[in-house]
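Residue-level listing of the chains:
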2 protein chains.
Amino acid sequence: MPATLNSVAAAAGVSTSTASRALSGHPAVLPSTRARVEAAAVALRYQPNRMASALRTRRTGLIGLVVNNLRTATFHTIAETLQEWAAEEEYEVLVCTTGGDPAREAAFLQTVRQHRFDGVVVAGTGANSELVNTLVQEGQAVVTMNREVPGALAPSVMSAYETAARVATGHLLELGHVRIAAIEGPPDITSGRLHHAGFTGALADAGVPLHEDLVRRGDFTPDFGRAAATELLALPEPPTAVLISNHEASFGALPVIGDGPLQVPAQLSVICTEDEPFYAWWAPPLTTVDNRAGLLARRAAELLLEQLTGPVGDRPVQRVELVAPELVERGSTAPPR
Amino acid sequence: MPATLNSVAAAAGVSTSTASRALSGHPAVLPSTRARVEAAAVALRYQPNRMASALRTRRTGLIGLVVNNLRTATFHTIAETLQEWAAEEEYEVLVCTTGGDPAREAAFLQTVRQHRFDGVVVAGTGANSELVNTLVQEGQAVVTMNREVPGALAPSVMSAYETAARVATGHLLELGHVRIAAIEGPPDITSGRLHHAGFTGALADAGVPLHEDLVRRGDFTPDFGRAAATELLALPEPPTAVLISNHEASFGALPVIGDGPLQVPAQLSVICTEDEPFYAWWAPPLTTVDNRAGLLARRAAELLLEQLTGPVGDRPVQRVELVAPELVERGSTAPPR
């Protein structure tokens with residue numbers, strides 16, 4: 001049992017309210033009384049109950065972060081970058097991973113609400129906009145990132161998905177490819193839509209026809225990536241280049257490509273958007289368009305801090321920031337034969 | 001501002017204590033009164049304050065998990081496995097990553113304590129045994145895992161590091177290697193010590209001499225792995241096989257080996273302990289001794305649940321469980337030429 005304020009007061013021979021005032025530095029307490037109370041608190045290993053004090057001060061020092069998974073570099077880079085920022089700012093980040101389940105995300109957002117965290121960063125499913133807005137309206141600091149939460153009233157930091165797809169496609173076009181395949185996210189998710197828009201836009205701008213049979217759109221899963229790569233490699237006329245738009249699909253597609261009949265990059269160029277440490281260690285090392293997850297997280301932290309330190313009652317400005325991606329040329333792309 | 005119980009009571013035209021009894025299902029409240037209070041609570045979007053109720057019931061539904069990082073498969077597999085377990089058991093896992101800093105770990109353990117989490121899983125630095133024991137003594141459910149916390153009074157789940165090193169070394173010996181290098185963790189960390197004991201023990205049992213210049217022991221960092229691999233490959237007589245004992249070092253060592261002059265596995269066999277998805281996608285796919293992080297996490301969850309559901313006041317039994325590793329043969333090991 002932790003010591004209570006009552007037991008500290010009893011040990012010091014003062015009332016509970018005097019003990020409370022002594023420990024909180026109230027000026028109306030005699031120095032000798034304060035010393036006696038402090039000695040009793042140390043002897044009893046008294047810990048002021050931060051939950052109880054949060055009820056009064058509305059300051060728990062806790063920031064929530066919800067992510068879909070911790071496997072992919074984007075998510076664990078976001079988590080680690082926010083933790084480092086928080087350590088400097090004397091906040092603590094508590095991370096919840098949901099497996100992409102909106103119900104588990106909602107349960108965590110309720111915890112954030114009920115335990116009165118000071119703020120929350122939502123890099124999650126894109127669902128739960130109502131709950132996100134409740135948190136905003138109740139005065140919590142809220143930032144959404146990585147995936148759009150349609151209708152959310154909080155500032156947002158996003159990867160420039162369309163730009164990433166344009167940069168990747170442009171790189172392949174410059175090398176001379178015209179039969180370019182794409183393994184993309186689903187059309188009902190913002191990033192999937194924007195990536196597709198960037199891919200098709202870059203082709204159109206270059207006057208290169210889109211081959212519908214070379215485009216595979218589906219879930220952010222290794223299974224989808226595996227199936228898509230298998231189908232593309234089995235085509236009578238396979239592509240000369242493939243663009244893979246997310247980590248999860250790449251985890252399934254890359255082993256299929258590595259084991260497949262086409263040599264990379266001599267017979268098949270491969271480019272991924274998002275980045276992942278092991279991309280640099282693949283054979284050959286993978287050319288990528290890095291989404292700069294660390295920079296995304298630092299901008300999210302800054303937008304959160306603005307709210308945490310701004311005037312109480314100010315609603316956050318609803319705005320979307322885009323973080324520009326960066327082409328990282330490695331060994332997996334080359335001109336077609 | 002969230003609605004308070006007072007405002008619900010005022011809206012329903014009853015006293016605060018009647019409103020409280022109505023919402024908690026107290027039998028002494030008239031059905032018509034209960035209906036009025038419930039309607040007011042819904043209209044005002046009243047949320048019972050779970051922090052306040054935790055002060056009475058000591059049940060927050062929160063489990064803490066502290067890990068050194070979220071980059072390596074061992075840690076993110078532990079985090080995701082515990083989250084899945086928790087979702088089934090109606091707990092929430094809040095994860096803190098510390099960068100291996102004992103002070104940040106201590107700050108999180110204080111949060112766990114002060115916010116009265118129901119339990120905590122410590123897969124951290126191995127420091128903070130005093131704080132871990134304070135949590136145990138205060139009645140929290142505590143499990144340590146992955147790295148020993150010397151002196152901790154909580155049950156513990158560990159990888160069988162010595163067995164892992166013996167299995168890996170035995171595999172190389174069976175293939176006929178006698179010049180075997182090892183890139184290992186530091187000697188002052190349990191896993192580093194045990195791995196070294198397993199490696200040297202397996203060599204001794206086989207009557208194969210240990211070449212001191214082939215053993216590199218150092219930090220769990222890519223930098224250390226990179227330096228160690230560079231030195232080993234530059235030896236006048238390089239090893240015919242190398243055993244890499246942790247993810248972090250492998251992240252530095254593998255690119256050096258991949259870019260180096262020796263062909264894997266024809267001129268150099270490579271085996272890693274612990275497992276990591278990309279090990280299977282390396283060229284050639286890496287033979288590993290899998291530490292089965294998911295199984296580790298499930299055993300930790302079970303030991304935690306025993307404490308969460310056991311009689312209050314029962315101290316956890318201080319015991320260490322070892323999870324046996326598994327050899328996964330892929331393409332990076334072969335007989336020496």
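Refer to the structure above for everything that follows.
Predicted, not measured: the structure shown is a model, and the values here were computed from it. (Residues numbered from 1 in each chain as written. Chains lettered and ligands numbered in written order. Predicted model: local features only at pLDDT ≥ 70, side-chain atom pairs only at ≥ 80, totals over all residues. Heavy atoms only, no water.)

A closer look at the sheet that holds strand β7 (residues 215-217) of chain A
Residues and elements named next belong to chain A. What the six strands build is an open sheet, ordered β7-β6-β8-β9-β10-β12; its pairing is mixed. The outermost strands of the open sheet, each flanked by one partner alone, are β7 and β12 (326-328). On average, each strand axis in the sheet is tilted by 15° relative to the strand beside it, whichever way the strands run. Strand direction decides the pairing type here: strand β8 (residues 241-244) and strand β9 (residues 269-273), joined by four bridges, are parallel. The residue bridging V242 from the neighbouring strand is V270, located in β9. (Pairing = 2+ DSSP bridges. Helix = DSSP H or I, 4+ residues; strand = E, 2+ residues; numbered from the N terminus. Axes fitted to C-alpha atoms, helices over the stretch in contact; angles between N-to-C directions.)

Some details on the packing of aromatic side chains
Per the stated rule, a full pass over the model turns up 13 aromatic pairs over all chains. For the ring pair A:F278 and B:W281, a centre distance of 5.1 Å and an interplane angle of 55° mean the geometry is tilted. With A:F278 in the loop between β9 and β10 (287-290) and B:W281 in the loop between β9 (269-273) and β10 (287-290), the pair connects residues from two separate chains. Pair check on accessibility: A:F278 and B:W281 agree, each one buried. In this structure an aromatic cluster arises from ring pairing among A:F251, A:F278, A:Y279, A:W281, B:F251, B:F278, B:Y279 and B:W281. (Phe/Tyr/Trp six-rings, centres within 6.5 Å; stacked < 30°, edge-to-face > 60°. Buried < 20%, exposed > 50% of the residue type's maximum accessible area, 1.4 Å probe, protein only.)

Overview of helix α8 (residues 161-175) of chain A
Residues and elements named next belong to chain A. Over its 15 residues, α8 extends 22 Å from the first C-alpha to the last, a length consistent with the 21 Å expected when each residue adds 1.5 Å. Within α8, burial applies to Y161, A164, A165, A168, T169, H171, L172 and L173. One or two residues past the end of α8 sits G176, with phi positive at roughly 110°. (Expected span 1.5 Å × (residues − 1).)

Comments concerning the packing of helix α1 (residues 5-12) of chain B against helix α3 (residues 31-43) of chain B
All names here are of chain B. Interhelical geometry of α1 versus α3 gives an angle of 125° and a closest axis separation of 8 Å. The angle between the axes of α1 and α3 places the two elements in the oblique class. The way α1 lies across α3 gives a crossing that is right-handed. Between α1 and α3, the residues in contact are V8, A11 and A12 and R36, V37, A40 and A41, respectively. A breakdown of the residues in the contact of α1 with α3 according to their chemical character gives six nonpolar, no polar and one charged. (Parallel < 35°, antiparallel > 145°, perpendicular 65-115°, else oblique. Left-handed = near helix turned anticlockwise from the far one by under 90°. Contact = heavy atoms within 4.5 Å. Nonpolar A, V, L, I, M, F, W, Y, C, P; charged D, E, K, R; others polar.)

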